[in-house]
Amino acid sequence: WSIQLIAEDKNVSEAALKRFAELAVSDPSPLVRLYLAAALQRVEPAKRWATLEGLVQHAEDKDDHNLPLMLWYALEPAVPLNVPKALELANKAIEANILPFTKRRIGAMGMNHSMHGGMR
């Protein structure tokens, strides 16, 4: 619950983000990882990378009913901010859909850019 409370006001401190990243790697509880993925959705997208990197590498979560989608919801807004980093993270992801979802998001960015460029 403390993870949720810390992220509730969308103003997560650097110290809390560092702790989130540590928990993402080391906490044995899938429930903690689920709360981290949910909390990341209330963190500025540019500050999500370290925690996401830890979360996507848990093989034990790949068949979880909720975690893979929650991870995608946390990653998706960060993709346009750093495409190479998003692809690198997606390539590390154990869950099979993260990489194709990321590639589709990148493709959609290109289409949106082309559409807007063509309207000028």
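These numbers were taken from a predicted model, which means no experiment stands behind them. (Residues numbered from 1 in each chain as written. Predicted model: local features only at pLDDT ≥ 70, side-chain atom pairs only at ≥ 80, totals over all residues. Heavy atoms only, no water.)

## Some thoughts on the environment of A50
By the element assignment, A50 lies in helix α4 (residues 49-55). Of the residues examined, A50 reaches a relative accessible area of 48% and is grouped as partly exposed. (Helix = DSSP H or I, 4+ residues; strand = E, 2+ residues; numbered from the N terminus. Buried < 20%, exposed > 50% of the residue type's maximum accessible area, 1.4 Å probe, protein only.)

## A closer look at the pattern of salt bridges
Taken as a whole and judged by the stated rule, the model has eight salt bridges. Across the pair E60 and R33 runs a salt bridge whose closest N-O atoms are separated by 3.5 Å. Of this pair, E60 sits in the loop between α4 and α5 (67-75) while R33 sits in helix α3 (residues 30-40), and the two are 27 residues apart along the sequence. The exposure class of R33 is buried, given its relative accessible area of 0%. Through salt bridges with shared partners, one network takes in R33, E60 and D61. (Salt bridge = Lys/Arg side-chain N within 4 Å of Asp/Glu carboxyl O.)

## Brief notes about the confidence of the model for the chain
Put simply, the chain has an average pLDDT of 89, and 91% of its residues get 70 or more. Predicted confidence in the chain is weakest over helix α7 (residues 98-119), with a mean pLDDT of 73, and strongest over α4, with 97. Confidence over residues 113-120 falls short of pLDDT 50; this stretch has zero contacts with residues more than four positions distant or in other chains. (pLDDT = per-residue confidence, 0-100. Contact = heavy atoms within 4.5 Å.)

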